[in-house]
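# Examining the three-dimensional arrangement
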Amino acid sequence: MAIYALAFIAFALDLAKRSAEVSAYADEQAAQASGAGSRVDGEQVASAGSAATTTTSRVSSTATIERVDEDASDVTPKRSATLRIGVALTIIGFLLHATADVTRGISAQRVPWANMYEFAMTGTLLIVMVFLMVIVKVDLRFLGTFVMGLVLILLGVSGVNFYVAVVPLPPALQSAWLIIHVFVASLGTAFFGLGFALSAIQLFQHRRELAGKDLKLLKLKFLATLPSSERLENLAYRVNIVGFIFWTFTLMAGSIWAERAWGRYWGWDTKEVWTFIIWVIYAGYIHARATRGWRGSRSAWLAIIGFAAVMFNFTIVNIFFKGLHAYSGL
């Protein structure tokens, strides 16, 4: 957690640097516009316009401001030192995290996701893994602050409130389906978590775009250096589709496991119901965006509600609702 905290700070410093650079850019634009307005000679006005173009080019080429077009594949943004440090610390934290997860499994002599504490350890590990894998293909390093913040919160809460010592598995969990079902559910949760971060930023970006692109009106100035809300929405949609595929398999594998363990595929247990509710929310999100034209903030809110349901299922349902799936270990 200490390494992840340092990575979070590095990513946050990068966002702060972006905001500072945007403010400087806005000040230069204002000063240049003021100077141009005071000239009435046509040649002087043309000269001022040329200077403004030069200023814009110079500021836009800095390491902090990364102008991203609609097609991110056409852009190769420069890497700032804080971003490189943040990614490096995330990789180190991931390796230490994976070591802790593996040693927990060795100590328990089974897969390390049989209770809430272990599921939180493995789930957050997969969130970081998915983030590191995705940034190899698409430059989403600006999500580092949000991803590391989410991971730190989940790890902190699980370490303080959900920790339990290693205990033998209940009879119903002594099955190969534990490996398949819960691991795939963890993968789905990881992709949903990344989609949640993208959708949250999309909402801020969409609001900024509606307010206009006058940089002086921005509160979160670093948003001017991030992809457009449409680009963020498309990325969130692609990530959530992958998560939905994993969650669909989770639902199917859970039904098969239930038949093996209890002799029925579906029993309306609280955990089963909430797993189905999550599936319905994300199915509605995909359907509404693909066929009903639900774009912009409406699709983002659906994705956020879906991830909130995932977190509700993991925490409230596991702790306060009793049933056949009461394996929190608490």
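## Quick notes on the overall build of the protein
Looking only at helices and strands, the protein features 9 helices and 0 strands. Going residue by residue from the N terminus, the α and β elements of the protein occur as α-α-α-α-α-α-α-α-α. Split into buried and exposed, the 330 residues of the protein put 47% on the buried side. Taking as baseline every contact in the protein between residues at least 6 positions apart, the subset at least 24 positions apart corresponds to 78%. Of the roughly 16100 Å² of accessible surface on the protein, a fraction of 66% belongs to carbon and sulfur atoms.

## Looking at the nonpolar core
With 59 residues, the main nonpolar core has Leu-140 and Leu-143 as its most contacted residues. Secondary-structure elements contributing two or more residues to this core are helix H1 (2-37), helix H3 (81-108), helix H4 (116-137), helix H5 (144-162), helix H6 (177-211), helix H7 (229-262), helix H8 (270-291) and helix H9 (297-320). Dropping the residues within four chain positions of it, Leu-143 is found in contact with Phe-131, Leu-194, Ala-197, Leu-198 and Ile-201. Formed by 17 residues, the second largest nonpolar core is a distinct cluster that contains Met-116, Phe-119, Met-121 and Leu-169.

## A short note on unusual backbone geometry
Located in the positive-phi region is Gln-109, a residue other than glycine, with phi close to 60°. As for its position among the elements, Gln-109 is in the loop between H3 and H4. Residue Gln-109 is classed as exposed on the basis of its relative accessible area of 74%. Phi is positive for Trp-268, which is not a glycine, with a value near 60°. Topologically, Trp-268 is positioned in the loop between H7 and H8. Given a relative accessible area of 62%, Trp-268 falls into the exposed group.

## Quick word on the pattern of salt bridges
As enumerated under the stated definition, the model contains 6 salt bridges in all. The salt bridge involving Glu-118 is made with Arg-104; its shortest N-O contact spans 2.8 Å. Here the residue Glu-118 occupies a position in helix H4, and Arg-104 occupies one in helix H3, the gap between them amounting to 14 residues. Judged by its relative accessible area of 10%, Arg-104 is buried. Here Asp-139 and Arg-141 are joined by a salt bridge, their closest N and O atoms 2.6 Å apart. Through salt bridges with shared partners, a single network forms among Arg-104, Arg-110 and Glu-118.

## Re the side chain of Ser-255
As for its position among the elements, Ser-255 is in helix H7. Those residues in contact with Ser-255 that lie beyond four places of it in its chain are Arg-264, Tyr-265 and Trp-266.

## Describing the packing of H7 against H8
Where H7 contacts H8, the two axes come as close as 10 Å, and the packing angle between them is 150°. By the angle between their axes, H7 is roughly antiparallel relative to H8. Regarding H7 and H8, the two cross each other, and that crossing is left-handed. Taking contact as the criterion, the partners of Glu-233, Asn-234, Ala-236, Tyr-237, Asn-240, Ile-241, Phe-244, Trp-247, Thr-248, Leu-251, Ala-258 and Trp-262 in H7 are, on H8, Glu-272, Thr-275, Phe-276, Ile-278, Trp-279, Tyr-282, Ala-283, Tyr-285, Ile-286, Arg-289 and Ala-290.

About the thresholds
Residues numbered from 1 in each chain as written. Predicted model: local features only at pLDDT ≥ 70, side-chain atom pairs only at ≥ 80, totals over all residues. Heavy atoms only, no water. Helix = DSSP H or I, 4+ residues; strand = E, 2+ residues; numbered from the N terminus. Buried < 20%, exposed > 50% of the residue type's maximum accessible area, 1.4 Å probe, protein only. Contact = heavy atoms within 4.5 Å. Areas by Shrake-Rupley, 256 points an atom, 1.4 Å probe, with all protein chains shown as cover. Core = buried A, V, L, I, M, F, W, Y, C linked by side-chain atoms within 4.5 Å. Salt bridge = Lys/Arg side-chain N within 4 Å of Asp/Glu carboxyl O. Axes fitted to C-alpha atoms, helices over the stretch in contact; angles between N-to-C directions. Parallel < 35°, antiparallel > 145°, perpendicular 65-115°, else oblique. Left-handed = near helix turned anticlockwise from the far one by under 90°.

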